[in-house]
Amino acid sequence: MRTPIVELIKTPEQFAAEQIINVKGWVRTKRQNKEIAFIAINDGSIIHNIQIIVDVPNFEEELLKKITTGSCISAIGILKESPASGQAHEIHATEIEIYGTADSEKYPLQKKGHSMEFLREIAHLRPRTNTFGAVFRIRHHMTFAVHKFFNDKGFFNIHSPIITGSDAEGAGAMFQVTTLDLNKVPRTKEGEVDYSEDFFGKETNLTVSGQLEAELAAMALGKVYTFGPTFRAENSNTARHLAEFWMIEPEVAFIEIDENMDLAEEFIKYLVKYALDHCSDDLEFLNKMVDKELISRLQAVIAHPFVRATYTEAVEILQKSGQKFEYPVEWGDDLHAEHERYLVEKHFEKPVILTDYPKGIKAFYMKQNDDGKTVRAMDVLFPKIGEIIGGSQREENLEKIREWITELNIPEEDLWWYLDTRRYGTAPHSGFGLGFERLMLFVTGMSNMRDVIPFPRTPQNAEF
Ligand code: 4AD
Ligand code: MG
């Protein structure tokens, strides 16, 4: 039976002295002279390798020749304490089987130190590097921690649909879903596309957010969250946008904006602490190789309360800052990442939650303030990232939502089901969305979102 390397390194006490062990994995390095070979293999269970010690005269020359970086082997041997520094145990091989060779002339990961750009071109192989192994293990732990956090608090997970017939949220440009033959599009008498012949009998798209459905569920189950893929067809090629990304959207009945902020702050601190507690080997690696301030930044975020300020206060701070920004700051305009990062990194030196944004730049479902100008929106801004969470208290008043969607020219019949929650048993409620890859950027110290998701989807890129 195979022993995962993580067990040999983390719980060696479970093995007897000189126990026979079988390990399987991919060769990272091999050094060999006439007498002895050292083969380091990694099986993905942990960032560390295990060293296989091979008595060269005891093995066929042909077999040992085929063991090169990237090949996959199974080794049986005796577990011994290692005299070498940096590792507690090694395996003295008695049998080696090769599962798969890797031509050393061709294997793209033969050498270390490739650029992130190059590794993106071999996204099918990059999980075999230390960096991507660490990132994807952390991604798993963060996924698990999201579910644990909400489960422990009595939330219910809701699977919101991925294909949606509603195009109302306005969170971003959508990808259309259709089975119509694009070479022979059916037309109505007026010459428009006849969606009655499409699969769902109407125009459908990939969802930009699970919020509207989460709201429906919260108006029955009280505390819910979604955690699913979301899709935005913006043609923006930045390090902080993907066309397909994952979002966590809690939605809670009977809470207002302050409790919503408390929940967001508690949630994100929980996730960061969970990473520090459960991913220390991977974080130490990333701290050494990718971002020297990573661990101290993670610790700083959980050490202090987040700053809370209004959008209007933030605009005043930015205008008085004397800082030269690429985009000017004007009350009523959306803040750009450079403004958000100035507030977090230079002015407050802590994560910031901004509230009460101008109505004109926010969505129709946000609770309107009595000033007639602002809404109870909240964005959580983080060092290095900018906006990591966007949310709000929701407008529970039917007439106020109707007025706003009329102003926006959204046909009421597109949203009749959403408006029903305001018609029948409406209640105050609030929620937010955390972009999972933005969290991953923060927790790993990686600088491009394409490097925290296994197979990134961006404009002109869907190879793997
Ligand atoms: O601010 P957004 O657009 O909010 C919503 O979609 C609301 N429905 C959330 C809610 O209240 N339930 O997106 C939420 C978060 C952003 O703060 C950001 O972290 C992330 O989703 N995000 C993206 N992440 C990767 N690529 C993109 N193109 C993203 N757009 C938004
Ligand atoms: Mg937003």
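Sequence order as written defines residue numbering, which begins from 1 separately in each chain. The naming scheme follows written order: chains are lettered A onward, ligands numbered 1 onward. With pLDDT at 70 or above as the cut-off, local features in this predicted model cover only qualifying residues; side-chain atom pairs require 80 or more to be listed or tallied, and sums for whole chains, interfaces and linings still use all residues. Processing note: side-chain calculations cover all non-hydrogen atoms of the structure and skip hydrogens and water entirely.

Asker: Looking at this structure, I do not really get the site of ligand 1. What am I missing?
Answerer: When at least one non-hydrogen atom of a residue lies within 4 Å of a molecule or strand, that residue is treated as near it. Neighbouring residues of ligand 1: 22 residues in total, closest E169, Q211, R232, E249 and E387. N or O atoms within 3.5 Å of each other form a polar contact, as long as, within protein, one can give a hydrogen and the other can take it, and as long as residues adjacent in sequence are counted only when both atoms are side-chain atoms. G435 is positioned with one of its backbone polar atoms (N or O) 3.3 Å from an oxygen atom of ligand 1. A total of 630 Å² of accessible area belongs to ligand 1 in isolation, and the protein chains cover 91% of it. Those elements that provide at least two residues to the shell around ligand 1 are strand 11 (244–253), strand 15 (386–393) and strand 16 (429–435). A total of five residues in the shell around ligand 1 trace back to one element, the largest contributor, which is strand 15. All residues other than Ala, Val, Leu, Ile, Met, Phe, Trp, Tyr, Cys, Pro, Asp, Glu, Lys and Arg, Gly among them, are scored as polar; the first ten of these are nonpolar and the last four charged. When grouped by side-chain class, the residues that make up the shell around ligand 1 number eight nonpolar, seven polar and seven charged. Here the Shrake-Rupley method, with its probe set to 1.4 Å, supplies the accessible areas, and only the displayed protein chains count as covering residues. Under the DSSP-based scheme used, a helix requires at least four consecutive residues in state H or I and a strand at least two consecutive residues in state E, with every element numbered from the N terminus.

Asker: Sorry, what's going on with the sheet that holds strand 8 (residues 176–177) here?
Answerer: Pairing between the strands of a sheet comes from backbone hydrogen bonds, and it takes one of two forms, parallel or antiparallel. Only strands that DSSP links by at least two bridges are regarded as paired with each other. Taken together, the three strands give an open sheet; going across it, the order is 7-9-8, and neighbouring strands pair in antiparallel fashion. Looking at strand neighbours, the two that pair on one side only are strand 7 (163–164) and strand 8, the edges of this open sheet. As paired strands, strand 8 and strand 9 (residues 204–206) are joined by two bridges and run antiparallel to one another. When the bridges of strand 9 are listed, V177 appears paired with T204.

Asker: Would you mind going over the packing of aromatic side chains with me for this structure?
Answerer: What describes a pair of aromatic rings is the distance from one ring centre to the other and the angle between the planes of the rings. The criterion for an aromatic pair is that two Phe, Tyr or Trp rings (for Trp, the six-membered ring) have centres within 6.5 Å, with stacked assigned to planes under 30 degrees apart, edge-to-face to planes over 60 apart and tilted to the rest. Evaluation of the coordinates by the stated rule reveals 20 aromatic pairs. With centroids separated by 5.0 Å and ring planes inclined at 40°, the aromatic side chains of F149 and F267 adopt a geometry described as tilted. A residue pair is termed long-range when its members are at least 10 positions apart, and F149 in helix 4 (residues 130–152) and F267 in helix 6 (residues 257–278) qualify at 118 residues. In terms of burial, F149 and F267 fall into one category: buried. Think of it in three bands: residues with accessible area under 20% of the maximum for their type are buried, residues over 50% are exposed, and the middle band is partly exposed, with areas taken using a 1.4 Å probe on protein chains only.

Asker: Got a minute to help me understand the domain arrangement of the protein in this structure?
Answerer: One frequently used descriptor of interface size is the decrease in accessible area upon assembly of the parts. Looking at the protein, the domain boundaries give domain 1 (5–107) and domain 2 (126–173 + 208–451). Of the residues lining the interface, 10 residues belong to domain 1; the matching set on domain 2 comes to eight residues. Here domain 1 and domain 2 share an interface that buries about 720 Å² over both sides, 39% of which is from carbon and sulfur atoms. Looking at the side of domain 1 facing domain 2, the largest losses of area belong to R28, I47 and Y107, adding up to 63% of the total buried there. Take a side-chain nitrogen of Lys or Arg and a carboxyl oxygen of Asp or Glu: if they are within 4 Å of each other, that pair is a salt bridge. Here domain 1 and domain 2 share one salt bridge between them. Across the pair K10 and D281 runs a salt bridge, and its minimum N-O distance is 3.0 Å. Here domain 1 is connected to domain 2 by six residue pairs in polar contact (both at pLDDT 80 or more). Looking at side-chain class alone, the side of domain 1 that touches domain 2 contains four nonpolar, four polar and two charged residues. Each domain's extent is set by a domain assignment, obtained either automatically or from a database. Any two residues whose heavy atoms approach within 4.5 Å are treated as being in contact. Accessible area, probed at 1.4 Å, shrinks when two parts are joined; the buried area is that loss added up over both.

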